Amino acid sequence: MKKTETRDSNENILRSRAVDYALLLAGEVTAVVEAKEEEKDAYAALTQEKRYAEDISTGRNYGRFGVPFVFTANLEEAWFQDVRPEAPRERKLRNFHRPDGLDMFLNTDYEGAKQWLEDT
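Model, not experiment: these values are computed from the prediction.

Undergrad: So what's going on with the overall build of the chain? Residues and values would help.
TA: When helices and strands are tallied, the chain shows three helices and eight strands. Burial analysis of the chain (120 residues in total) assigns 40% to the buried set. Of all intrachain contacts in the chain linking residues separated by at least 6 positions in sequence, the fraction that spans at least 24 positions is 43%. Total accessible area on the chain stands at roughly 7,600 Å², and carbon and sulfur atoms take up 49% of it.

Have a look at this one:
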């Protein structure tokens, strides 16, 4: 696939194929979503979606990613992954996270929590 550079309505630079959906918090792209057909494996698509998260330039840095969260879904299941280096986790979802839940994840001080556990 030939890489192209385009800009979305928020002036974020997309250096690859456009994502299916982008989730915004306070006007900032916070997650990308890959929607798959029912027969496609939603979990396997996390790898593809992480490539898109690497290619999007939001002006923020989450390790090698431009957004902290990726989602994939088909008609049967949905997956979530927090791709930040300090909080890598993935899990199958019952429902998509609400904006306040994403905001809570985004503002969790994982380094502080890790330090607290080490100190106690």
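Undergrad: Could you give me a rundown of the pairing of strand β8 (residues 89-93), with the residues and numbers involved?
TA: Strand direction decides the pairing type here: strand β7 (residues 78-82) and β8, joined by five bridges, are antiparallel. Across the sheet, the residue bridging to Asp82 is Arg89, located in β8.

Undergrad: Give a detailed account of the sheet that holds strand β4 (residues 28-35), specifying residues and quantitative values.
TA: The five strands are arranged β3-β4-β6-β7-β8 in an open sheet whose pairing can be described as mixed. The sheet is open, and its two edges are formed by β3 (21-25) and β8, each paired on a single side. Looking at each pair of strands side by side, their axes are set apart by 20° on average, direction ignored. As judged from the five bridges shared by strand β6 (residues 69-73) and β7, these two strands associate in the antiparallel manner. If you follow Thr72 over to β7, its bridge partner there is Trp79. Set on the sheet, helix α1 (residues 45-55) makes contact with β4, β6, β7 and β8; between it and β6 the angle comes to about 140°.

Undergrad: Got a sec to walk through the nonpolar core? Specific residues and values, please.
TA: One finds Val32, Ala53, Phe65, Val67 and Val70 to be the most contacted residues of the largest nonpolar core, which totals 14 residues. Breaking this core down by element, the ones donating at least two residues are β4 and α1. Ranked by residue count, the leading element in this core is α1, at three residues. Every residue in contact with Val70, bar those within four places of it in the chain, is listed here: Val32, Leu46, Glu49, Lys50, Ala53, Trp79, Phe80, Gln81 and Val83. Residues Leu25, Ala31, Ala73 and Leu93 belong to the second largest nonpolar core, which totals 13 residues.

Undergrad: Run through helix α2 (residues 99-106), naming residues and quoting values.
TA: Buried within α2 we find Gly101, Leu102 and Phe105. End-on, the buried residues of α2 take up no more than an arc of 100°, which puts them together on one face. More than 90 degrees from the buried face of α2, the exposed residues found are Pro99, Asp100 and Met104. For α2, the secondary structure elements touched by its buried residues are β3, β6, β7, β8 and α3 (110-119).

Undergrad: Before we move on, could you go through the side chain of Glu49 and cite the residues and values that matter?
TA: For Glu49, the position within the fold is in helix α1. What Glu49 contacts, discounting residues up to four positions off in sequence, is Val19, Val32, Val33, Glu34, Val70, Phe71 and Thr72.

Undergrad: I'd like a rundown of the pairing of β6, residues and numbers included.
TA: Most of β6 sits out of view: five of its five residues are buried. Burial along β6 is two-sided: the residues Phe69, Phe71 and Ala73 and Val70 and Thr72 are all buried. Alignment of β4 against β6, held across five bridges, turns out to be parallel. Counted as the bridge partner of Ala31 is Phe69 from β6.

Reading the values: rules and limits
Residues numbered from 1 in each chain as written. Predicted model: local features only at pLDDT ≥ 70, side-chain atom pairs only at ≥ 80, totals over all residues. Heavy atoms only, no water. Helix = DSSP H or I, 4+ residues; strand = E, 2+ residues; numbered from the N terminus. Buried < 20%, exposed > 50% of the residue type's maximum accessible area, 1.4 Å probe, protein only. Contact = heavy atoms within 4.5 Å. Areas by Shrake-Rupley, 256 points an atom, 1.4 Å probe, with all protein chains shown as cover. Pairing = 2+ DSSP bridges. Axes fitted to C-alpha atoms, helices over the stretch in contact; angles between N-to-C directions. Core = buried A, V, L, I, M, F, W, Y, C linked by side-chain atoms within 4.5 Å. Arc of directions from axis to C-beta.

Note that every value here comes from positions in space, so none of it alone points to a role or purpose.
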